[in-house]
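# Observations on the three-dimensional arrangement
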Amino acid sequence: MQYFSTRDNNVSVSAARAITQGISKDGGLFVPEAFPALTNDDILYLVDKSYVERATFVLSKYLTDFTEEEVKACAEAAYSLERFRSPEIAPLKPLEDGAQILELWHGPTCAFKDMALQILPHLMRVSAEKTSDGKEIVILVATSGDTGKAALEGFRDAAHTRILVFYPEDGVSPMQKLQMVTQEGGNVSVCAIRGNFDDAQTGVKTIFTDPEVADVLAENGMMFSSANSINWGRLVPQIVYYVSAYCDMLKNKVLTIGEPMNVVVPTGNFGNILAAYYAKRMGLPIAKLICASNRNRVLTDFIANGVYDRNRAFYTTSSPSMDILISSNLERLLYELSGRDDKEIRRLMEALSKDGVYTVSETVKKAIDELFVGGCCDDEETAQTIRETFETCGYLCDTHTAVAVHVYKTYRAESGDTTPTVIASTANPYKFSSSVLEALNVDASSMDEFEKVEALNGKTAEPVPSPLASLRGRTPRFNGVCDKDAMRGVVYDMLGIEE
Ligand SMILES: *Cc1c(COP(=O)(O)O)cnc(C)c1O
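Residues numbered from 1 in each chain as written. Predicted model: local features only at pLDDT ≥ 70, side-chain atom pairs only at ≥ 80, totals over all residues. Heavy atoms only, no water.

### Thoughts on the nonpolar core
Membership of the largest hydrophobic core comes to 118 residues, with the highest contact counts inside it found for Tyr79, Ile239, Tyr242, Leu284, Leu334 and Tyr358. Ignoring any residue separated from it by four or fewer positions in sequence, one finds tyrosine 79 in contact with Tyr51, Val52, Ala55, Phe84, Ile89, Met115, Ile119 and Pro237. Counting 36 residues, the second largest nonpolar core, distinct from the first, contains Leu95, Met175, Leu396 and Leu456. (Core = buried A, V, L, I, M, F, W, Y, C linked by side-chain atoms within 4.5 Å. Buried < 20%, exposed > 50% of the residue type's maximum accessible area, 1.4 Å probe, protein only. Contact = heavy atoms within 4.5 Å.)

Following this line, the structure appears as structure tokens:
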């Protein structure tokens, strides 16, 4: 299987190359040349299998330049009980009325990013052995909070690898920040930027695609790669848990084989929901893809009217990992829905970077209408959903998951669609203790972060994940802050390169 660039169909690389390189030189994203079929027999075969076996099966279909043993070794190293606090890795929990919560946060950093970032370093190592000529790999990350920590944890002390993370100074939760600035490991660096996530992402993309910087790195025996969801190695592991969720629905007799499920995803960069779309393209019976946004409702509006317009106010919300106005992975969806029209994608992406707005064709809009439902939720509705879900179902969700639950309920009430539904739960509630406590009407204004954790535990009896509890009393290692225009210098600094 080869991988094309969304902006140039003549670019064709192996999976290993797509993973080490991260992004195509033309700025496009790597996409698989075809979607391998997942038959009903395949699904039935996977029902009684472990998560590692399900992952090996699905990933092998895409990573055709890896041996099956290599894929299996990567999956085993990633999805082990040493790293995940649940034997099912991504367990399904019934909520109510046929809705199931897919908990994706049992990994070491307590957010769904671990599902991909625990395996990516292993995929990267195997890929580098195949392609990178012994160069040291420099992973450059822009984060809205969760990717940064998950990438740091995944790549810490990985051989021949350095990792540098940029996060928006005021755009992450206190717990997210603490997780990053206390990161251990000899090959890691972290820096805050004065700006929001889009600034960080744009800054990283600019450095990444700058040929001059690439030359400087090459002279120093290094090459860039990416751990953001623009990297194919980040996306492909995310397909697995949708397949796994369907298998578990069969196992729990919520569905019979072939019956459709809906999927609701709290969305920011459009990576998680795109993986669900890819699973559908493979043949997994998914009916509607329900895209849930917070007050930054650029995707809700896009799904409604086919106009992507980032020229609007940016809000910091109680679900900071979704505070994004440029959803990078949408480019991959548009590539598929436009019939893989690379010229059209170049036009749209140029319009986005020049004017901040584009309109898709009638054909693409029609395809979106058939596949997607969009919905959004403000902070007040998020809080209300956390409270109601806890009081009526006994289930405590974090702010991001609550956005999805709210959008699901609204959709179900308005459409009457009773298809069994999987709601992706993307973070553990203790990552956002302030907002969750506030939602439960507890005044936490005088508490420090760990008093909040204690208060939330006292109120809900929900167990506190050990990786968060153990942060208490840790001294920060990384206090740097830079302007968004100064990121390149910071990168050179961190790598010990003289400009
Ligand atoms: C990253 C993140 C999201 C958004 O996922 P995308 O793949 O960027 O759409 C949602 N919730 C949480 C908790 C996250 O960390």
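### Brief notes about the site of the ligand
By nearness alone, 15 residues border the ligand, and Lys113, Asp146, Gly268, Asn269 and Thr426 come closest of all. Take lysine 113: an N or O atom from its side chain is 2.6 Å from an oxygen atom of the ligand. For the ligand, an oxygen atom lies 2.7 Å from a polar atom in the backbone of asparagine 269. Out of a free accessible area of 380 Å², the ligand has 98% covered by protein chains. Classifying every residue of the shell around the ligand by side-chain character gives 5 nonpolar, 8 polar and 2 charged. (Near = heavy atom within 4 Å. Polar contact = N/O pair within 3.5 Å; in protein donor to acceptor, adjacent residues only side chain to side chain. Areas by Shrake-Rupley, 256 points an atom, 1.4 Å probe, with all protein chains shown as cover. Nonpolar A, V, L, I, M, F, W, Y, C, P; charged D, E, K, R; others polar.)

### Some details on the sheet that holds strand 9 (residues 222–226)
The parallel open sheet is built from 5 strands, whose spatial order is 9-6-7-8-16. Every interior strand has two partners, whereas the edge strands, strand 9 and strand 16 (481–483), have only one. The mean inter-strand angle of the sheet, taken between neighbouring strand axes irrespective of direction, is 30°. Sheet strands in contact with helix 9 (residues 197–208) are strand 6 (136–142), strand 7 (161–168), strand 8 (188–194) and strand 9, and its direction is about 155° off that of strand 6. (Pairing = 2+ DSSP bridges. Helix = DSSP H or I, 4+ residues; strand = E, 2+ residues; numbered from the N terminus. Axes fitted to C-alpha atoms, helices over the stretch in contact; angles between N-to-C directions.)

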